[in-house]
Each structure stands twice: as C-alpha cells, then as structure tokens.
Amino acid sequence: MWPKLLFELLPHLSRLLPVADKYLGSKSAGDKARDEEQAAAMAELAEGLRLELGQVAEAHTGVYRQLREQSTQLAQVSVEVTRTRMGVESVEARLNQLEARSAKLEKTAASAVKLLASLLIVAALVAGMLILLAVLLLHR
C-alpha cells in the first residue's frame, strides 16, 4: 500500500520540490536578512552600552576623586576640631583656676573689709577716748 501511494505521489513531488525549494530559499534569505538586521541591531546596542559604560566609568572616577578629596578635607576638619576641643578644655581649666582665685580673693577682701571696719571702730573709740581725756584734763 505504501509503495503504491509513494509512486502516485512521485510525479506531484517533482512539481512540489522546486516550489518548496523556492519557498525555503526565500524564507532562508529572509531569515538571513533578519538575522543580519538583528546582528547589526545587537552590535549597535552593544556599542551604545560600551559608550554608556565608559561614561559611567568616567562618572565613577570623578565620584571616587571627589570622595578622596572629601576624605582628606574631613581628616583636616577632624584635626581642627580636635585642636579646638583641646583649646576649649585648656580655656576651661584656666577659667576654673581663675574662678578659684576669685573666690579666694573675695574671701580675703571680705576679711579685709571686716578688719578695716573693726580698725575704724577701734580708731573711733581711741579718738573718742582721747577727746574725752582731753576734755577731762582741761576741766581740772
């Protein structure tokens, strides 16, 4: 049965083979053209990506440079802050010493005022006694 069927289809195959060959050839050419277009598009896309990656690399280089500069500046600021803190601590220590001296001087001044007041009172009493003595001597 199969061989008979093949013999019957053989004349038709001889007519169909050139049509199939032409169809497959045109399809193959279209596929090749499409493949070439896709390859060109991919090459263009790859070139665009390379350019963009180059720009990104340049941007990263700039960012890294700025980061290094800022790190240097931050280190300098840190040193200046440390110096300032040490200076403030030194001023605070001197201020505490001055406050202690001031407190001692206030106590000394208060004692001196009390002493002067008592000396003034004693001097007034002595003067009063001298005047009283002089008055008594004059009335005798």
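Each remark here, short or long, concerns the structure printed above.
Residues numbered from 1 in each chain as written. Predicted model: local features only at pLDDT ≥ 70, side-chain atom pairs only at ≥ 80, totals over all residues. Heavy atoms only, no water.

1. As for the overall build of the chain
Then, in step 1: Counting secondary structure elements, the chain contains one helix and zero strands.
Then, in step 2: Out of the 140 residues belonging to the chain, those deemed buried represent 1%. (Helix = DSSP H or I, 4+ residues; strand = E, 2+ residues; numbered from the N terminus. Buried < 20%, exposed > 50% of the residue type's maximum accessible area, 1.4 Å probe, protein only.)

2. Looking at the pattern of salt bridges
Then, in step 1: A full pass over the atoms with the stated rule returns three salt bridges.
Then, in step 2: Arg 65 is paired through a salt bridge with Glu 69; the nearest N and O atoms lie 3.3 Å apart. Here Arg 65 pairs with Glu 69, and both are found in helix 1 (residues 2-138), just four residues apart, close to one helical turn.
Then, in step 3: A residue is classified by how much of its surface remains accessible, and Glu 69, at 40% relative accessible area, is partly exposed.
Then, in step 4: With its nearest N and O atoms 3.4 Å apart, the salt bridge here joins Glu 89 to Arg 85. You can see Glu 89 and its partner Arg 85 sitting in helix 1, four residues apart, about one turn around the helix.
Then, in step 5: Given a relative accessible area of 43%, Glu 89 falls into the partly exposed group. (Salt bridge = Lys/Arg side-chain N within 4 Å of Asp/Glu carboxyl O.)

3. A look at a nonpolar patch on the surface
Then, in step 1: Residues Val 122, Val 126, Leu 130, Leu 133 and Leu 137 make up a contiguous nonpolar surface patch of about 460 Å² in total accessible area.
Then, in step 2: Inspection of the secondary structure puts Val 122 in helix 1. (Patch = residues over 30% accessible without salt bridge, like charges linked within 9 Å, V, L, I, M, F, W, Y side chains within 5 Å. Areas by Shrake-Rupley, 256 points an atom, 1.4 Å probe, with all protein chains shown as cover.)

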